[in-house]
Amino acid sequence: MNCRSELLEVTVEARQVEESILSLLHTILLHRSTGKFHYKKEGTYSIGTVGTVDIDCDFIDFTFVRISSDELDRVIKKAVSEFKDALSISGNDGIGQISLEFYQKKKSRWPFSDECIPWEVWSIRVNVVNLANEQERQICREKVGEKLCEKVINVVEVINRHEYVPKMPTQSEVDNVFDTSLREVQPYLHKITYQITDSLGTSVSTTMRRLIKDTLAL
């Protein structure tokens, strides 16, 4: 099986890190989750509904939609918070990458553990910049919102392509494809990982500053 990989990149100031990542991860999970399966007998089931809620960002001019599952939101926020903390420890100007990997399990014979086979990976590369004053921060607030809008549209376009996703499992195999531990929703099995590097590429920092200066000149 070939694993698809998608890379998204955002350039933000430190206070925007968490909201920008949450907006993208929740967008992906919204389209990679189903309602809970309710089996009547093997091969016959119904699927529950998935509720949604609008989230207004505090530091970005942007509103995103997430699944209305507090359990899922807590899991995602915990992972993003750990990434944000690691990024801040690396210094004010830094770059990091957080990845959302979807996988399915393949049962192995005893005494071996199950094999986890990835089928899609979304990586978000985060560039952190420092801004000089409140005017620059306000421009960045607007520009980041515009960029996130573009990236959300891109995510939806990619997910709507007719490419591989695991087939609907039988009742005995549902835990090999979906995370059934949540009460309100059933996302595909996934895990979140991250990595940090120490310095921000000059070209990325320069591009954001040039964008802000061009806006100020208008």
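Refer to the preceding data block for the structure.
Calculation criteria
- Residues numbered from 1 in each chain as written.
- Predicted model: local features only at pLDDT ≥ 70, side-chain atom pairs only at ≥ 80, totals over all residues.
- Heavy atoms only, no water.
- Salt bridge = Lys/Arg side-chain N within 4 Å of Asp/Glu carboxyl O.
- Buried < 20%, exposed > 50% of the residue type's maximum accessible area, 1.4 Å probe, protein only.
- Helix = DSSP H or I, 4+ residues; strand = E, 2+ residues; numbered from the N terminus.
- Expected span 1.5 Å × (residues − 1).
- Polar contact = N/O pair within 3.5 Å; in protein donor to acceptor, adjacent residues only side chain to side chain.
- Core = buried A, V, L, I, M, F, W, Y, C linked by side-chain atoms within 4.5 Å.
- Contact = heavy atoms within 4.5 Å.
- Phe/Tyr/Trp six-rings, centres within 6.5 Å; stacked < 30°, edge-to-face > 60°.
- Pairing = 2+ DSSP bridges.
- Axes fitted to C-alpha atoms, helices over the stretch in contact; angles between N-to-C directions.

Draft legend 1. Structural context of the pattern of salt bridges. Tallying each qualifying case throughout the model produces 17 salt bridges. Note that Asp73 is salt-bridged to Arg66, the shortest N-O span being 3.7 Å. In this structure Asp73 comes out as buried when scored by relative accessible area, which is 8%. Glu71 is paired through a salt bridge with Arg183; the nearest N and O atoms lie 3.5 Å apart. With Glu71 in helix α2 (residues 70–89) and Arg183 in the loop between α3 (134–159) and β9 (186–187), this residue pair connects regions lying 112 residues apart in the sequence. You can call Glu71 buried: its relative accessible area is 15%. Among the charged side chains, a network of salt bridges with common partners joins Arg4, Glu6, Arg32, Glu120, Arg161 and Glu163.

Draft legend 2. Up close: α3. The end-to-end C-alpha distance of α3 is 37 Å, a good match for the 38 Å that 26 residues give at a rise of 1.5 Å each. Among the residues making up α3, those that are buried are Glu136, Ile139, Cys140, Arg141, Val144, Gly145, Leu148, Lys151, Val152, Val155, Val158 and Ile159. Looking at where α3 begins, the residue whose side-chain oxygen comes 3.1 Å from the main-chain nitrogen of Gln135 is Asn133.

Draft legend 3. Inspection of the nonpolar core at higher detail. Membership of the largest hydrophobic core comes to 45 residues, with the highest contact counts inside it found for Val17, Ile21, Phe102, Trp122, Ile124 and Val126. Elements with a contribution of two residues or more to this core: β1 (4–12), α1 (17–30), β3 (37–41), β6 (63–67), α2, β7 (95–106), β8 (115–128) and α3. When sequence neighbours within four positions are dropped, the list of residues in contact with Ile124 reads Leu8, Val10, Ile21, Leu24, Leu25, Gly96, Gln97 and Ile98.

Draft legend 4. Broad picture of the packing of aromatic side chains. With the rule as written, the count across this model stands at 9 aromatic pairs. On the numbers, 5.6 Å between centres and 35 degrees between planes, the contact of Phe102 with Trp119 is tilted. Taken as a pair, Phe102 in strand β7 and Trp119 in strand β8 lie far apart in primary sequence, 17 residues in all. Both residues of the pair, Phe102 and Trp119, count as buried. The interplanar angle of 75 degrees and the centroid separation of 5.2 Å between the aromatic rings of Trp119 and Tyr188 together place this pair among those described as edge-to-face. You can see Trp119 sitting in strand β8 and its partner Tyr188 sitting in the loop between β9 and β10 (190–197), a full 69 residues away along the chain. Comparing Trp119 with Tyr188, the two get one shared label, buried. An aromatic cluster is defined as three or more aromatic residues linked by ring pairs; in this entry it consists of Phe37, Tyr39, Tyr45, Phe102, Trp119, Tyr164, Phe178 and Tyr188.

Draft legend 5. Local environment of α2. Its 20 residues give α2 an end-to-end C-alpha distance of 28 Å, which sits within 8% of 28 Å, the value for a rise of 1.5 Å per residue. For α2, the secondary structure elements touched by its buried residues are α1, β6, β7, β8 and β10.

Draft legend 6. Structural detail: the sheet that holds β7. In spatial order, the strands read β1-β8-β7-β10; together these 4 strands make up an open sheet with mixed pairing. Looking along the sheet, the strands with just one partner apiece sit at the ends: β1 and β10. Averaged over all neighbouring strand pairs, the angle between strand axes comes to 20 degrees, with direction disregarded. By the bridge criterion, 12 bridges tie β7 to β8 in an arrangement that is antiparallel. Residue Gly96 lies in a different strand from β8, and its bridge partner there is Val126. Each of β1, β7, β8 and β10 touches α1; the most contacted strand, β8, lies at about 150 degrees to it. Contacts between α2 and the sheet are confined to β7, β8 and β10, with β10 contributing the most and set at about 10 degrees to the helix.

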